[in-house]
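# A closer look at the structure
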Amino acid sequence: MSLKPSRSVRLREELRILTPRKVYNLAMQVVQTRLKSTRLWYLPTRISIETGNICNLQCPLCPTGRRDSDVGRGFMRFEDYTKIIDELCRDLLLVRLYNWGEPLLHKQLLPMIAYARDRGVGVTISTNLNTLKADDAPALIDAGLQKIFVSCDGISDETYLKYHVGGDYATVMANLRLLAEERRKRPGCITRAIWLFHVFRHNEHEVDRARALAREIGVEIRINPMRTDMGREIFETARTAIERDRAWIPEDPRYCAFDLEHKEAKQKRNFCSLLWKDSVINWEGSVLPCCSVYQEKYSFGNAFQQGFRAVWNGPLYRSARAEVASSSDGPKTVCHICKSTGFTHF
C-alpha cells in the first residue's frame, strides 16, 4: 500500500469538504491578505483547537513539558468544542486537534473527530504516541483523520529520551508500526501517518537511518529543524535563542534553522500572514494568533464567551493586523512583540 492515499481517495475527501462558501473564503483570504486589510469579510479556513494542554512527557524546550506555572491546565469540554464547530463548520476546511498538549489523553477525542467530520471539516492530530493502546489503533484509523503526525526525535532509547523525557521509544515504534498495519488493511484509507523527526545536535547523525526506518515501517517522514525554547521564541531575538540553546542546535547546516556564525535566523521575515488565514483556540476558549503563543494573558478574546466571529474582527485582532502590516495606534498585542524581535525563527 502506498504511503499516501491514492489520488482518487484524496479527491473524494477534498470534494466532501469543499463548498462554494469555503472557496469564497479562500479567495477573500488571498485578496485581503495582499491588501493587508484589518477587518476581514471571511472566516479562517484552518484553525487549531487545543483539546487540552496536559502532556505525559516533559520535553525540556516545551512550556507544557516544563510544567510552566503561568497557565492553568485542563481539557476542553465536549460541549464547548461542539459550540465552536457549530459556529465555524461551514467555513472550515481543516481543524487541528492539538496545540500544547497530548490529544490522545482526551477521553472524548474520537467523538470530537467524528463531530467535525460529520459537519464537513477535515481533522488532523499530532501525538507523541506513547499513550495509544493497541485496541484503540483500529478506531483511530477508522476515525477518518486526514493526518496523524507522530513526534519521535530519535531511533534509539538514548537519543529519543534525551528530549522526550518520560517517554518510551519501544512503545512509540510499536504503535507506529501498528498504525501502518491498520492502514494497510484498509485500501481506501484517507489517513496519512507522518513521522515528525526534529533534528537536534544529539540526533543529527540518525537522519538517514530514520528515513530508512520510516520506509521499512511504511510511513511518511518529515525531517524538520528543531525549535529553540518554544515558550520564548517570539519574545526574543534569534541571537538570544542561539546563545541560550546552543547545545541543542544541530551543527549540520542542512538541518539548522540558524546562521550560527552571525547568530541570526536563516529565514528572515518582514511580514506574517497568519493573522489573515489561521487562528488558535485554547482549551479554555482563549483565541490566540498562532501556536507560538500559549498564555491566556495574550489572547484576543474568548470564543466561548464572545463567539469566535466577534473575536476574529474584534479590536485586538484588527490592531494586530495593523501592527504587522505597518503600524497601529490601537492597543498593543503580542504580535507587536513578535514583530519587534524579527518574527518567529521557523
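Quick caveat: nothing in here was measured; it's all calculated off a predicted structure.

### Looking at empty space enclosed by the protein
Evaluation of the coordinates by the stated rule reveals 1 cavity of 30 Å³ or more. Roughly 30 Å³ of volume is contained in the largest cavity. Along its surface, the largest cavity is lined by Glu-50, Asn-53, Val-71, Arg-73, Trp-100, Asn-282 and Tyr-294. Its residues placed into classes, the lining of the largest cavity shows 3 nonpolar, 2 polar and 2 charged.

### Looking at the sheet that holds strand β2 (residues 94-96)
With respect to topology, 8 strands assemble into an open sheet ordered β6-β5-β4-β3-β2-β1-β9-β10, the strand pairing being mixed. The sheet terminates laterally at β6 (220-225) and β10 (287-288), the two strands that pair on one side only. By the bridge criterion, 3 bridges tie β2 to strand β3 (residues 122-127) in an arrangement that is parallel. Residue Val-95 lies in a different strand from β3, and its bridge partner there is Val-123.

### Quick notes on the pairing of β6
As paired elements, strand β5 (residues 192-199) and β6 share 6 bridges and run parallel to each other. By the bridge assignment, Phe-197 is partnered in β6 with Ile-223. A crossover connection joins β5 to the parallel β6 through helix α8 (residues 207-217); in handedness this β-α-β unit is right-handed.

### Re the packing of aromatic side chains
Applying the stated rule across the entire model yields 14 aromatic pairs. Consider the rings of Phe-78 and Tyr-115, whose centres lie 6.0 Å apart with planes at 80°: the pair is edge-to-face. Highlighted residues: Phe-78 in helix α3 (residues 78-88) and Tyr-115 in helix α4 (residues 109-117), separated in sequence by 37 residues. Here Tyr-115 falls in the buried class, since its relative accessible area comes to 17%. Ring plane angle 55° and centroid distance 5.4 Å describe the contact between Trp-100 and Tyr-294, whose orientation is recorded as tilted. Of this pair, Trp-100 sits in the loop between β2 and α4 while Tyr-294 is found in the loop between β10 and α11 (303-306), placing the two residues 194 residues apart along the sequence. No difference in accessibility class separates Trp-100 from Tyr-294, as the two residues are buried. Lying across the ring of Phe-271, Lys-36 places its NZ or CZ 4.9 Å from the centre. The ring of Trp-312 has Arg-321 lying over it, and the distance from NZ or CZ to the ring centre is 4.6 Å.

### Some words on the environment of Gly-144
Of note, Gly-144 is situated in the loop between α5 (137-142) and β4 (147-151). On a C-alpha basis, the gap between Gly-144 and Val-123 in space is 7.8 Å, while along the polypeptide they are 21 residues apart. Setting aside anything within four residues of it in sequence, one finds Gly-144 in contact with Arg-117, Ile-190 and Thr-191.

### Examining the pairing of β4
Across the 5 residues of β4, 4 count as buried, placing the element largely inside the fold. The handedness of the β3 to β4 crossover, carried by α5, is right-handed. Direction of pairing for β4 relative to β5: parallel, over a ladder of 5 bridges. When the sheet's bridge partners are listed, Lys-147 is paired in β5 with Arg-192.

### Some remarks on the nonpolar core
One finds Ile-49, Tyr-81, Leu-97, Met-173 and Trp-195 to be the most contacted residues of the largest nonpolar core, which totals 96 residues. With 6 residues, the single largest contributor to this core is helix α7 (residues 169-184).

### Details of a nonpolar patch on the surface
There is a patch of nonpolar side chains on the surface, built from Leu-18, Val-23 and Leu-26 and spanning about 210 Å² of accessible area. You can see Leu-18 is positioned in the loop between α1 (7-17) and α2 (20-35).

### Some remarks on the side chain of Ser-286
You can see Ser-286 is positioned in the loop between β9 (280-281) and β10. What makes Ser-286 buried here is its relative accessible area of 0%. Within polar-contact distance, the side chain of Ser-286 engages the side chain of Glu-284 at 2.3 Å.

### A short note on the layout of surface pockets
Its boundaries defined by the atoms lining it, the second largest pocket holds a volume of some 430 Å³. Of the residues forming the lining of the second largest pocket, the biggest block, 5 residues, is contributed by α1. A breakdown of the residues in the lining of the second largest pocket according to their chemical character gives 7 nonpolar, 1 polar and 7 charged.

### A short note on the pattern of salt bridges
Counted under the stated rule, the structure contains 26 salt bridges. With its nearest N and O atoms 3.5 Å apart, the salt bridge here joins Arg-232 to Asp-229. With a relative accessible area of 38%, Arg-232 lands in the partly exposed category. With relative accessibility at 4%, the residue Asp-229 sits in the buried group. Residues participating in the shared-partner salt-bridge network are Arg-21, Glu-87, Asp-91 and Arg-309.

So, how was this worked out
Residue numbers here run from 1 along each chain, matching the order of that chain's written sequence. The predicted origin of the model limits local features to residues at a pLDDT of at least 70 and limits the giving and counting of side-chain atom pairs to 80 or more, whereas totals for whole chains, interfaces and linings rest on all residues. Values reported for side chains reflect all heavy atoms of the structure, with hydrogen atoms and water molecules removed beforehand. The definitions used throughout rest on a 1 Å grid laid over the protein atoms alone, on which a cavity is an enclosed set of points accommodating a 1.4 Å probe that cannot get out and a pocket is an open set flanked by protein within 12 Å on both sides along at least five of seven lines; lining residues are those having an atom within 4 Å of a point. Grid points are joined across faces, edges and corners, and a volume is the space filled by probe spheres set on the points. Polar here means any residue other than Ala, Val, Leu, Ile, Met, Phe, Trp, Tyr, Cys and Pro, which are nonpolar, and Asp, Glu, Lys and Arg, which are charged; Gly is therefore polar. The pairing criterion for strands is at least two bridges between them, as found by DSSP. Every helix listed is a DSSP run of H or I at least four residues long, and every strand listed is a run of E at least two residues long, numbered separately from the N terminus. Here the term right-handed applies to a crossover when the path leading from its first strand over the helix to its second strand runs clockwise, the strands being oriented away from the viewer. Between the rings of Phe, Tyr and Trp (Trp by its six-membered ring), a pair exists once the centres lie within 6.5 Å; its type follows the angle of the planes, with under 30 degrees stacked, over 60 edge-to-face, and the other angles tilted. Only protein chains enter the area calculation, which uses a 1.4 Å probe; residues under 20% of their type maximum are buried, those over 50% are exposed, and those in between are partly exposed. Here, a charge over a ring means that NZ of Lys or CZ of Arg falls within 6 Å of the ring centre while also lying within 35 degrees of the ring normal. Here a residue-residue contact requires only that any non-hydrogen atoms of the pair lie within 4.5 Å. Definition of nonpolar core: a set of buried residues of the types Ala, Val, Leu, Ile, Met, Phe, Trp, Tyr and Cys, connected through side-chain atoms within 4.5 Å. Patch membership requires more than 30% relative accessible area and the absence of a salt bridge. Residues of like charge join within 9 Å; the nonpolar side chains Val, Leu, Ile, Met, Phe, Trp and Tyr join within 5 Å. Residue exposure ignores everything except the shown protein chains as possible cover, and the areas themselves are Shrake-Rupley values with a 1.4 Å probe. Here, a salt bridge means any side-chain nitrogen of Lys or Arg that lies within 4 Å of a carboxyl oxygen of Asp or Glu. Pairs of N or O atoms within 3.5 Å make up the polar contacts considered here, provided that, within protein, one atom can donate a hydrogen while the other can accept it, and that residues adjacent in sequence are counted only when both atoms are side-chain atoms.

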